[in-house]
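Structural overview
Single-letter residue listing:
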Amino acid sequence: MSSFSNKKVIPGYRFTCGITFFYLSLILLIPLAAFVLYTTGMGWEKFFAVVLDYRVFHAYYISLLTALAAAVMNGVFGLLLAWVLVRYEFFGKGLLDGLIDLPFALPTAVAGIALTTLYAENGWLGQYLYALGIPSAFSPLGITLAMVFVGLPFVARSVQPVLRDLDLQVEEAASLLGAGDWLTFRRVIFPELVSPLLTGFSLAFARGVGEYGSVVFIAGNLPYETEIAPLLIMAKLEQFDYQAAAAIALVLLLLSFAILLVINGYQRYRVQKQGV
């Protein structure tokens, strides 16, 4: 039995590791390195003049703020959605579970047009929001709603498997010891969900920061009001100012990478702390 367990299903480490690094380099590392080198070729003075321009800076602000708000909303409602799908049985559960992945399959432009139609001033949902004095389309709220749409699957799919694999006997033990439902959730269940929640949050945030297709229609794209950074990148490309577009994109890349690095560092810290 031991000799069988030592056999490798896939060929040896050197071969598989070499293939892995070759694939990552070809698909990810080389394009990113070329992208960074192309940006640095414009010179630091021009680079900072582009990325610190007030219009560009405000576009960063809108993109980051709405992406953060959408990621927080997805963190809350993604957890609730995963909880319902894992802990309860009801009619149409399979259909609801499949609909979660719809933003992955639906073209982003189609999603943007549909959301704009729904939340416009005369739309099915927008008419009620506008009646309350809340502009939904062509506003930061509309941008946030579009980012919520595309980011929800990341949180729900990150939490679902962890929640499904939790040992129910631990919850039963907590209940027998006198813990109420809220105390059991807060002290027993939620600590196990922090890591997948942070993973889903970071993925939803990163997706929101770079989202274009589903946001550009509902944003309105008013400079200094609802203009997003990806739209500025497209505008620079249409003007054949490739270096300026690369500079703006590089800042978004660094910001997203910094957020992911901080969250991954926190997750590693929690794992080490629990190990101690």
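Description of the structure in this document. Everything quoted here is computed from the prediction, not taken from an experiment.

Right, let's talk about the overall build of the protein for a bit. Looking only at helices and strands, the protein has 14 helices and 0 strands in total. Looking at the protein residue by residue over its 276 residues, the buried ones come to 36%. A separation of at least 24 residues holds for 74% of the contacts in the protein among residues at least 6 apart in sequence. For the protein, the accessible surface area stands at approximately 16,900 Å², while carbon and sulfur atoms represent 70% of it. Looking at the protein, you have 16 positive and 17 negative side-chain charges, and the mean spots of the two groups are 12 Å apart.

Ranked by size, the top nonpolar core spans 52 residues in total, and within it Y60 and V159 carry the most contacts. Not counting residues up to four positions away in its chain, the partners in contact with V159 are L79, A82, L193, P196 and L197.

We now examine the packing of aromatic side chains. This model, assessed by the stated rule, comprises 9 aromatic pairs. Measuring from ring centre to ring centre gives 6.0 Å for W44 and F48, while their planes differ by 25 degrees; the resulting arrangement is stacked. A residue pair is termed a helical-turn pair when its members lie 3 or 4 positions apart in one helix, as W44 and F48 do in helix α3 (residues 44-51) at 4 residues. For F48, a relative accessible area of 42% puts it in the partly exposed group. An angle of 25 degrees between the planes, with centres 6.0 Å apart, marks the rings of W182 and F185 as stacked. With W182 and F185 both in helix α11 (residues 181-210) and 3 residues apart, this pair spans about one turn of that helix. Within the aromatic cluster, the residues linked to one another by ring pairs are W83, W182, F185 and F190.

For T66, the location among the structural elements is in helix α4 (residues 54-87). Residue class for T66 comes out buried when judged on its relative accessible area of 2%. Polar side-chain contacts of T66 include one of 2.6 Å to the backbone oxygen of I62. Reaching out from T66, the side chain makes a polar contact with the backbone oxygen of S63 at a distance of 3.2 Å. Not counting residues within four places of it along the chain, the set of residues in contact with T66 comprises P140, I143, T144 and M147.

Moving on, we get to unusual backbone geometry. Despite not being glycine, Y224 shows a phi value in the positive range, around 70 degrees. Looking at the element boundaries, Y224 is found in the loop between α12 (213-219) and α13 (229-238). Positioned with a positive phi, F240 is a non-glycine residue whose angle comes to about 60 degrees. Looking at where F240 falls in the secondary structure, it is placed in the loop between α13 and α14 (242-275). With relative accessibility at 61%, the residue F240 sits in the exposed group.

Summed over the entire model, instances satisfying the criterion amount to 6 salt bridges. A salt bridge links K93 to E89; its shortest N-O distance comes to 3.1 Å. For R207, the salt bridge is made with E211, and the minimal N-O distance between the two is 2.8 Å. In this structure E211 comes out as buried when scored by relative accessible area, which is 4%.

The subject of this paragraph is the environment of R207. As for its position among the elements, R207 is in helix α11. Residue R207 is classed as partly exposed on the basis of its relative accessible area of 24%.

This part takes up the packing of α4 against α13. Where α4 contacts α13, the axes come no closer than 8 Å and their chain directions differ by 140 degrees. Between α4 and α13, the angle falls in the class oblique. Across the interface between the two elements, R55, V56, A59, Y60 and S63 from α4 touch A229, P230 and L232 from α13. In the contact of α4 with α13, the residues fall into 6 nonpolar, 1 polar and 1 charged.

Calculation criteria
- Residues numbered from 1 in each chain as written.
- Predicted model: local features only at pLDDT ≥ 70, side-chain atom pairs only at ≥ 80, totals over all residues.
- Heavy atoms only, no water.
- Helix = DSSP H or I, 4+ residues; strand = E, 2+ residues; numbered from the N terminus.
- Buried < 20%, exposed > 50% of the residue type's maximum accessible area, 1.4 Å probe, protein only.
- Contact = heavy atoms within 4.5 Å.
- Areas by Shrake-Rupley, 256 points an atom, 1.4 Å probe, with all protein chains shown as cover.
- Lys, Arg positive; Asp, Glu negative; His and termini not counted.
- Charge placed at Lys NZ, Arg CZ, Asp CG, Glu CD.
- Core = buried A, V, L, I, M, F, W, Y, C linked by side-chain atoms within 4.5 Å.
- Phe/Tyr/Trp six-rings, centres within 6.5 Å; stacked < 30°, edge-to-face > 60°.
- Polar contact = N/O pair within 3.5 Å; in protein donor to acceptor, adjacent residues only side chain to side chain.
- Salt bridge = Lys/Arg side-chain N within 4 Å of Asp/Glu carboxyl O.
- Axes fitted to C-alpha atoms, helices over the stretch in contact; angles between N-to-C directions.
- Parallel < 35°, antiparallel > 145°, perpendicular 65-115°, else oblique.
- Nonpolar A, V, L, I, M, F, W, Y, C, P; charged D, E, K, R; others polar.

Note that every value here comes from positions in space, so none of it alone points to a role or purpose.
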